[in-house]
Amino acid sequence: MQGPPKSHAAALETACLTATLESITDAVLMLDGSWNIRYMNGNAERLLQVQRADVMGKNVWSVFPEAVGGPYYLAYHRAVETNSVVSFEEHYAPLNLWTEIRAYPSEEGVTIYFRDISERKAIEAEIHNLAFYDKLTGLPNRQLLLERIGHALSLSRPGAILFIDLDNFKTINDTRGHDKGDILLRLAGERISTAVRSDDTVARFGGDEFVVLLEDLGDTPEDVATAAYGLAANVVRAFCDPFDIAGVEHYSTPSIGVTVFDHEANGVDDLLQRADLAMYQAKAAGRNTVSLFDPAMQIRVNARATLEADMRRAVQNDEFMLHYQPLMGVDGRMVGAEALVRWKHPQRGLVPPCEFIPVAEESNLILPLGRWVMREACRQLALWSRDPHSSTLEMAVNVSATQFHRPDFVEQVLAALAETGANPSHLRLELTESLLLKDVEGTVSKMQRLRDAGVSFALDDFGTGYSSLSYLHRLPLDQLKIDRSFIWGAFKEGSGAEIVRIIVALGKALNMSVLAEGVETQEQLAFVAAEGCQYYQGYLFSKPLPAAELATLISHLPD
Ligand code: C2E
Ligand code: CA
Ligand code: CA
């Protein structure tokens with residue numbers, strides 16, 4: 001190998017060296033100063049797929065012409081020129097071989113030790129795949145998406161995010177099984193990918209949510225927004241055709257939120273939150289559509305968060321109070337009052353319940369608030385019973401679904417009654433239809449237990465909910481309250497009058513009294529009385545009043 005042997009000893013030495021080089025696990029290739037192949041061991045023959053006899057003495061770059069100018073070429077030259085060891089990992093495409101290389105400069109040229117690391121590389125690639133790609137769809141996963149968004153933000157160039165949620169995805173899972181749902185997700189991922197540009201990152205964010213990262217859309221946020229909106233519209237169009245789910249046509253639509261980012265963006269989380277918000281906006285707009293995040297939306301969201309925080313404090317600070325609206329017989333007798341909560345906000349003044357009850361329900365703040373309302377109403381009821389003017393009055397209290405479905409709801413009401421000394425048979429709880437439909441058995445049993453204690457029940461806003469009549473007779477209800485929209489509708493075009501008539505008939509058949517809400521005029525009162533409603537409530541007689549004002553009003557009523 002180092003030229004012709006000069007002596008016996010030298011020949012022996014060469015033979016030993018050769019034997020060693022043949023037995024090591026590395027492949028070995030020795031090149032002289034003119035890049036001619038001087039030696040290669042058996043491993044090198046195998047990996048490089050050549051026969052020693054064919055290549056010995058030939059210029060290595062003529063044997064492997066594809067390597068000229070490439071990473072191996074440069075590395076070996078560097079080893080020679082700098083007279084230092086160069087080591088690296090490289091993929092040699094012609095042989096589809098991953099190699100780990102150490103190149104040692106020698107007096108004659110360079111000696112190269114290398115080995116096949118293709119297997120290790122495959123495992124590494126697999127691990128990388130598992131960590132960064134979604135198994136089901138093969139798309140980048142959340143992890144990789146977050147990294148890419150982070151990188152995009154660091155470039156300070158404007159771009160956009162599409163947040164895509166499949167509408168009613170649950171339906172296919174529920175009706176045709178999860179395996180069919182999986183097929184839909186895979187196909188949806190493919191359609192999204194074809195609808196955007198090939199360089200865009202389409203990621204599966206989780207569940208039925210996909211996120212697309214769009215870069216290089218334009219220079220100004222306006223351009224970017226316009227282009228992103230266009231690509232989002234492409235995605236919507238891509239969903240027009242049915243999906244073939246195991247031989248059955250399935251229609252699916254996406255709701256897409258779009259948000260634009262530039263150097264001012266606050267960070268990855270913030271960006272995704274905005275896109276998510278815009279997606280919900282698209283859902284609210286009726287699904288199968290695109291919605292662009294806009295700052296006005298953010299302002300509404302912030303306002304809501306502030307409201308929630310304020311409300312948390314308000315529960316502790318006693319900022320809530322009850323107003324009471326008289327419940328009247330159509331003959332003019334006052335039979336009770338409905339407790340309606342008010343919020344004395346330190347800055348905003350009196351906040352109406354339609355502004356904060358929905359927020360309270362979503363944040364579970366309705367639980368402490370509802371507990372407070374129940375106690376306060378019972379306390380007031382107990383006070384009324386001690387005054388001869390008001391001793392017969394009933395108290396109606398609104399109960400929200402979250403509150404009612406708590407396991408300890410019955411105990412809570414009974415405790416409020418016991419602690420305040422209020423008469424249970426003067427307490428009426430107002431429930432809504434949607435509340436009753438959830439878990440009918442459990443609902444009936446809760447109502448029954450309270451009924452046994454004397455408490456009665458009214459069905460609030462009747463006619464606006466599901467109005468599934470099949471369950472009505474099973475529920476221990478005492479009263480139907482006709483929603484005010486029908487009372488008002490009765491005098492306009494439409495079927496209001498007809499609905500009032502039907503509800504009254506229903507009440508009779510089920511042995512429930514009927515109360516008309518929102519009676520504002522004499523004409524309306526005459527109408528509901530003629531139709532057979534026994535009770536009414538509305539501005540005609542009185543708006544909801546603070547307890548003291550109600551007391552004054554009661555004291556002036558004729559006996
Ligand atoms: P609701 O239970 O249907 O209460 C009746 C609402 O109609 C009250 O609005 C009342 O002021 C209003 N109203 C009564 N008569 C008339 C009328 O002649 N004309 C008009 N235009 N409106 C009339 P309010 O007090 O703003 O309450 C709104 C809703 O908030 C209530 O609707 C109820 O669903 C909810 N709410 C109020 N207090 C509570 C509470 O303590 N707990 C729960 N869970 N919900 C409550
Ligand atoms: Ca009510
Ligand atoms: Ca109502």
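This one's a predicted model, so the numbers in the text were calculated from it and none came from an experiment. All residue numbers here refer to positions counted from 1 along the written sequence of the relevant chain. Both sets of labels track the order of writing: A upward for chains, 1 upward for ligands. In keeping with the predicted nature of the model, local features appear solely for residues at pLDDT of at least 70, side-chain atom pairs appear and are counted solely at 80 or more, and the whole-chain, interface and lining totals rest on all residues. Side-chain figures throughout are based on the complete set of non-hydrogen atoms in the structure, without hydrogens or water.

Asks: Got a minute to help me understand the sheet that holds strand β12 (residues 290-292) in this structure?
Replies: In any sheet, the strands associate via hydrogen bonds between backbone groups, in a parallel or an antiparallel arrangement. Strand order in the open sheet made by the five strands is β7-β8-β6-β11-β12, with mixed pairing throughout. Edge positions in the sheet fall to β7 (201-206) and β12, since each of these pairs with one other strand and no more. The sheet shows a mean angle of 20 degrees between the axes of neighbouring strands, taken without regard to direction. In this structure, strand β6 (residues 159-166) lies alongside strand β11 (residues 254-261), joined through eight bridges in antiparallel fashion. Bridge assignment links Ile-161 to a residue of β11, and that residue is Thr-259. Every residue pair with non-hydrogen atoms within 4.5 Å of one another is taken to be in contact. Every axis corresponds to a line fitted to the C-alpha atoms, with the helix fit spanning only the stretch in contact, and the corresponding angles, defined between N-to-C directions, vary from 0 to 180 degrees. The way it works is that DSSP assigns letters per residue, a run of H or I at least four long becomes a helix, a run of E at least two long becomes a strand, and they are numbered from the N terminus. In the packing of helix α7 (residues 142-154) onto the sheet, contacts are made with β6, β7, β8 (209-214) and β11, and the angle to β7 comes to roughly 130 degrees. DSSP-based pairing: two strands are paired if at least 2 bridges between them are found.

Asks: Could you clarify how one ought to interpret the packing of α7 against helix α11 (residues 268-284) in this entry?
Replies: Packed helices, taken two at a time, are described by the angle between their axes plus the distance between the axes. Taken N-terminus to C-terminus, the directions of α7 and α11 make an angle of 105 degrees; their axes are 10 Å apart at the nearest point. The pairing of α7 with α11 is recorded here as roughly perpendicular in orientation. Taken together, the residues of α11 that come into contact with α7 (itself represented by Leu-146, Ile-149, Gly-150 and Leu-153) are Val-268, Leu-271 and Leu-272. Each residue gets one label: Ala, Val, Leu, Ile, Met, Phe, Trp, Tyr, Cys and Pro are nonpolar, Asp, Glu, Lys and Arg are charged, and the others, such as Gly, are polar. A per-class count over the contact of α7 with α11 returns six nonpolar, one polar and no charged. If an angle is under 35 degrees, it is roughly parallel; if it is over 145, roughly antiparallel; if it lies from 65 to 115, roughly perpendicular; otherwise it is oblique.

Asks: When you look at the pairing of strand β4 (residues 97-105) in this model, what are you seeing that I'm missing?
Replies: Within a regular strand, side chains alternate between the sheet's two faces. Of the pairings in the sheet, the one linking strand β3 (residues 86-92) to β4 comprises seven bridges and is antiparallel in character. Opposite Glu-89, over in β4, you have Glu-100 as the bridge partner. Once β3 ends, the chain turns through four residues before running back antiparallel as β4, passing Asn-96 with a positive phi of about 45 degrees. Across seven bridges, the pairing between β4 and strand β5 (residues 109-116) is antiparallel. Residue pairing across strands places Ala-103 opposite Ile-112, the latter belonging to β5. Between β4 and β5, which pair antiparallel and follow one another directly, the connecting turn spans three residues.

Asks: When you look at the site of ligand 1 in this model, what are you seeing that I'm missing?
Replies: Near ligand 1 lie 21 residues; those nearest to it are Gln-325, Arg-342, Arg-484, Glu-520 and Tyr-539. The separation between an oxygen atom of ligand 1 and a polar side-chain atom of Asp-460 is 3.0 Å. Within 3.5 Å is the distance limit for a polar contact, defined as a pair of N or O atoms, with the added protein rule that one can donate a hydrogen and the other accept it, and that residues adjacent in sequence qualify only through two side-chain atoms. At a separation of 2.9 Å, an oxygen atom of ligand 1 approaches a polar side-chain atom of Arg-484. Coverage of ligand 1 by the protein amounts to 85% of the 790 Å² it exposes when considered alone. Of all the secondary structure elements, the ones that give two or more residues to the shell around ligand 1 are β14 (334-345), α13 (353-362), β18 (456-462) and α20 (484-489). Tallying contributions element by element places β14 first for the shell around ligand 1, with four residues. Of the residues contributing to the shell around ligand 1, the split by class is nine nonpolar, five polar and seven charged. Only heavy atoms are used to decide nearness, and a residue is near a molecule or strand if one of them lies within 4 Å of it. Areas reported here follow the Shrake-Rupley algorithm with a probe of radius 1.4 Å; residue values treat only the protein chains shown as occluding.

Asks: Even after reading the chapter, I still don't get the domain arrangement of the chain, so can you show me in this structure?
Replies: As a measure of interface size, the accessible area lost when the parts come together is often cited. Segment limits for the domains were obtained from an automatic or database-derived domain assignment. According to the domain assignment, the chain consists of domain 1 (6-120), domain 2 (133-293) and domain 3 (367-555). Just the C-alpha atoms count here: the centres of domain 2 and domain 3 sit 46 Å apart.

Asks: Looking at this structure, I do not really get the coordination of the calcium ion (ligand 3). What am I missing?
Replies: For Na, K and Ca the donor cut-off is 3.2 Å, while for other metals it is 2.8 Å, and in both cases only N, O and S atoms qualify; water is not among them, so sites may look incomplete. Listed as protein donors to the calcium ion (ligand 3) are Asp-460 (OD), Asp-461 (OD), Glu-517 (OE) and Glu-517 (OE); their distances from the metal cover 1.9 to 2.8 Å. Donor residues for the calcium ion (ligand 3), ordered by position in the chain, follow D-D-x55-E. Burial status follows relative accessibility: with a 1.4 Å probe on protein chains alone, a residue under 20% of its type maximum counts as buried, one over 50% as exposed, and anything between as partly exposed. Overall, Asp-460 belongs to the buried group, its relative accessible area being 7%.

Asks: Would you mind going over the coordination of the calcium ion (ligand 2) with me for this structure?
Replies: Under ideal tetrahedral coordination, the four donors around a metal are separated by 109.5 degrees; under ideal octahedral coordination, the six donors are separated by 90 or 180 degrees. All of the protein donors around the calcium ion (ligand 2) are Glu-338 (OE), Asn-398 (OD1), Glu-430 (OE) and Asp-460 (OD); their distances to the metal are 2.1 to 2.3 Å. Donor residues for the calcium ion (ligand 2) sit on one chain with the sequence pattern E-x59-N-x31-E-x29-D. Between the calcium ion (ligand 2) and the calcium ion (ligand 3) the interatomic distance comes to 3.8 Å, and Asp-460 is a ligand of both metals. Here Glu-338, found in strand β14, pairs with Glu-430, found in strand β17 (residues 427-431); they are 92 residues apart in sequence, far enough to count as distant.

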